[in-house]
Amino acid sequence: MIGMVIKMSNINQLFESDKNRENPHLPLPFIVEDRFQETPDTVSLTLVPENPGKIFTFSPGQFNMLYVFGVGECAISISGNAMNTQRLIHTVRSVGKISNALTNLKPGDTIGVRGPFGNGWPFAEARGKDLIIVAGGLGLAPLRPMIYEVLSHRDLYRRVEIVYGARTPRDLLYKEELQVWRKSSEIRLQVTVDIGDREWYGDIGMVTSRIPDIKFDPSNSIAFICGPEIMMHSVAEMLELRGLQSNNVYFSMERNMKCGMGQCGHCQFGPYFVCRDGPVFPYSKLEKFMSVKEV
Amino acid sequence: MKNNSKDCALLTNIKHPFLENFSERFLIAASENARELEFNVNEIIFSRGERAEKFYLVMEGKIGLEIDAPDHPSVRVHTVDSNRVMGWSWLVPPYKWTVTARALKKTRVIALDAFVLHRYFKLHPEDGYLFCLRLLPVIAERLDETRLQLINLYDRYGD
C-alpha cells in the first residue's frame, strides 16, 4: 500500500510535538476508517484522527489538504457533516496520481490531513431566506455539509430548492441520501442526468434545464452553486434573469492548490487566491474574470 | 393510448403557456383534428423514423426522448415535462421523427395536426411567424443543452 511506504514509527515521530501540531504546514495523521465506492471512479473516505482525543471542526464548504505519504498532497472538499467532530468524510474522484492513490486507500491506512482551509458557504447570510443549492457532478460533495446544516436547522431557512446534475445515473453521488432527500417534505430536490438509460425515469438534461422550475423570492433568496465553471456561469445567468442579484449568488471555485494558505500562488484567480480568499465567492466578484481566457 | 376528445374548439378551452396570446382565430383553426391523448408509463408516443404529423402540447406527465441504434442500447437524451411542447420535425424535411418519445409517467398531451397547421400558416403567415418565435427559444434551449452534453462538462471537473 502506498500509504505504508514510510514506516508508521517515523510518521508518529513527525507528529509527536504539540508545537508541530499547530503548524499549518504539517499534516496530522488520520486513519481511514471506512471506504465507500460511490461511483466507478469516486469513493468516500471516512477518516478518524490517529489521536483519539482530537476533534476536528470545520464549516460547510471548507476543504482539507490530504497527503498520501510518498505520493503527494491535494485539496479535497469536506463532504461530511460539520456536526460530527470525530470523523471527517472526503469524497474523492480518481483523476490523477494523488487522487488515484487516495481512492485506492483501504481501511486502516494512514494519511496526513492539513486544514480546514478556505472560507466555506456563508450560511449565516442564508438564514431567513429562500435557499437555492445547485450542484453538478462532484460539486455535490462540498454542498452536502450545507444540506446537512439546513436539515439540522430547518426552521432557520425559508424554502430550500436543490438541483443536482450528473453525467449518467451511475455517476450520481450519495444515491441513498438522494432518495431520502427526495422524499423529504423539508426540501425540494430535483435530480437530472445528461444521458439516461432505460432504467432511468427521472429528468434528463443539464441542471440549467431545471432552473425555470424552481420557486424562490428574488428579493429574499441566496444561491450556492458548485460544479464546472461553465455550468455555474449558466446557472447564475439564469438566476439573474429571474431577478436574483449576482451578489446573492455564490460559487465554490476550483483551482490547483498547493499550500492551501495563500502563500504559493498556484490557485490564483484574477486578484484572488482561491484557497485563501475562497473557495466560495459571490458571483459579483468573479463575473468579470469568468469570461477571460486562462484566468 | 387513450383518446379523450374530439372538440372543434379544444384549444380555446385549455391553458398552456405555449398558447398564450395567440388569436382566437388561430386557436379555433388549430383545434381541427386536435386530440387530447393519454399515455401510460413506457408507452411509445412516436418512434424515430416515422412520419412526423403532430405537434404536442404536454399537459401533464413526463416524456423521455430516446435515440436507438442497432449496435447500441437506447439512450434517453432529454425529458419533456408538463407545460412544455414537443415535436418540430413536421416543420423540417424529410418530416420524420428523429427520436423516439416514450411516456415516463402517466402523461396527457394535446396533439395538433401538422397538416392543419401548415395549411393555416400559409393563409396567415403572421400567426406562423408568432408560432415560430414561440418555438425557436425551445429549439435554441435544446441546442444549448446538447452542446453542453457533447462537451461532457463533468468529465474534467474535479481534476
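Each value, and the rule that gives it
- Residues numbered from 1 in each chain as written.
- Chains lettered and ligands numbered in written order.
- Predicted model: local features only at pLDDT ≥ 70, side-chain atom pairs only at ≥ 80, totals over all residues.
- Heavy atoms only, no water.
- Helix = DSSP H or I, 4+ residues; strand = E, 2+ residues; numbered from the N terminus.
- Rg over C-alpha atoms; globule rule 2.2 N^0.38 Å.
- Buried < 20%, exposed > 50% of the residue type's maximum accessible area, 1.4 Å probe, protein only.
- Contact = heavy atoms within 4.5 Å.
- Areas by Shrake-Rupley, 256 points an atom, 1.4 Å probe, with all protein chains shown as cover.
- Lys, Arg positive; Asp, Glu negative; His and termini not counted.
- Charge placed at Lys NZ, Arg CZ, Asp CG, Glu CD.
- Pairing = 2+ DSSP bridges.
- Axes fitted to C-alpha atoms, helices over the stretch in contact; angles between N-to-C directions.
- Core = buried A, V, L, I, M, F, W, Y, C linked by side-chain atoms within 4.5 Å.
- pLDDT = per-residue confidence, 0-100.
- Buried area = accessible area lost by both parts, 1.4 Å probe.
- Salt bridge = Lys/Arg side-chain N within 4 Å of Asp/Glu carboxyl O.
- Polar contact = N/O pair within 3.5 Å; in protein donor to acceptor, adjacent residues only side chain to side chain.
- Nonpolar A, V, L, I, M, F, W, Y, C, P; charged D, E, K, R; others polar.
- Domains from an automatic or database assignment.

Turning our attention to the overall build of chain A. In terms of regular secondary structure, chain A is built from 9 helices and 15 strands. Relative to a compact globule of 295 residues, whose C-alpha radius of gyration would be 19 Å, chain A shows 19 Å and is just as compact. Dimensions of chain A, computed from C-alpha atoms along their principal axes, come out at roughly 60 × 45 × 40 Å. When burial is assessed residue by residue, chain A has 55% of its 295 residues classed as buried. Pairs at least 24 apart in sequence give 70% of the contacts found in chain A among residues at least 6 apart. Carbon together with sulfur atoms contributes 50% to the accessible area of chain A, which is approximately 12,400 Å² in total. Positive and negative charge centroids in chain A, built from 32 and 32 side chains respectively, lie 2 Å apart.

Strand pairs in the sheet, formed through backbone hydrogen bonds, run parallel or antiparallel to each other. Residues and elements named next belong to chain A. Strands sit in the order β4-β3-β6-β1-β2-β5 across an open sheet of 6 strands; the sheet is antiparallel. Looking along the sheet, the strands with just one partner apiece sit at the ends: β4 (72–77) and β5 (88–93). Averaged over neighbouring strand pairs, the angle between their axes works out to 40° when direction is ignored.

With that settled, consider the nonpolar core. Of all hydrophobic cores here, the largest spans 42 residues; its most connected members are Phe26(B), Phe55(B) and Leu57(B). Excluding its chain neighbours within four sequence positions, the residues that come into contact with Phe55(B) are Phe18(B), Val85(B), Met86(B), Gly87(B), Trp90(B), Ile110(B), Ala111(B), Leu112(B), Leu117(B), Phe131(B) and Leu135(B). The next biggest cluster of nonpolar side chains, apart from the first, holds 39 residues, and it includes Val134(A), Ile225(A), Ala236(A) and Met257(A).

Confidence in the prediction of chain B, expressed as mean pLDDT, is 90, and 94% of residues score 70 or more. Overall fold confidence (pTM) sits at 0.84, and the ipTM for the predicted complex is 0.78.

Bringing the environment of Ser284(A) into the picture now. Residues and elements named next belong to chain A. Looking at where Ser284 falls in the secondary structure, it is placed in helix α9 (residues 283–290). In this structure Ser284 comes out as partly exposed when scored by relative accessible area, which is 36%. Sequence separation between Ser284 and Ile162 is 122 residues; the distance between their C-alpha atoms is 22 Å. Apart from the residues lying within four places of it in its own chain, the contact partners of Ser284 are Ser246 and Asn247.

Turning to the interface of chain B and chain A, a few remarks are in order. Listed per partner, the contact involves 26 residues of chain B and 30 residues of chain A. Surface buried jointly by chain B and chain A totals about 2,500 Å² across both partners, of which 51% is contributed by carbon and sulfur atoms. At the boundary of chain B with chain A, the tally comes to 2 salt bridges. Salt-bridge contacts for Arg210(A) lead to Asp81(B); the nearest nitrogen and oxygen are separated by 2.8 Å. Inspection of the region where chain B meets chain A yields 10 residue pairs in polar contact (both at pLDDT 80 or more). Per-element tally for the side of chain B that touches chain A: the top contributor is strand β6 (residues 72–81) of chain B, with 7 residues. A class-by-class count of the residues in the side of chain B that touches chain A yields 9 nonpolar, 7 polar and 10 charged.

It is worth spelling out the domain arrangement of chain A at this point. Residues and elements named next belong to chain A. As assigned here, chain A comprises domain 1 (8–117) and domain 2 (123–290). Here domain 1 and domain 2 share an interface that buries about 1,900 Å² over both sides, 64% of which is from carbon and sulfur atoms. The tally of links from domain 1 across to domain 2 stands at 0 salt bridges. Here domain 1 is connected to domain 2 by 4 residue pairs in polar contact (both at pLDDT 80 or more). In terms of residue class, the side of domain 1 that touches domain 2 is made up of 11 nonpolar, 11 polar and 4 charged.

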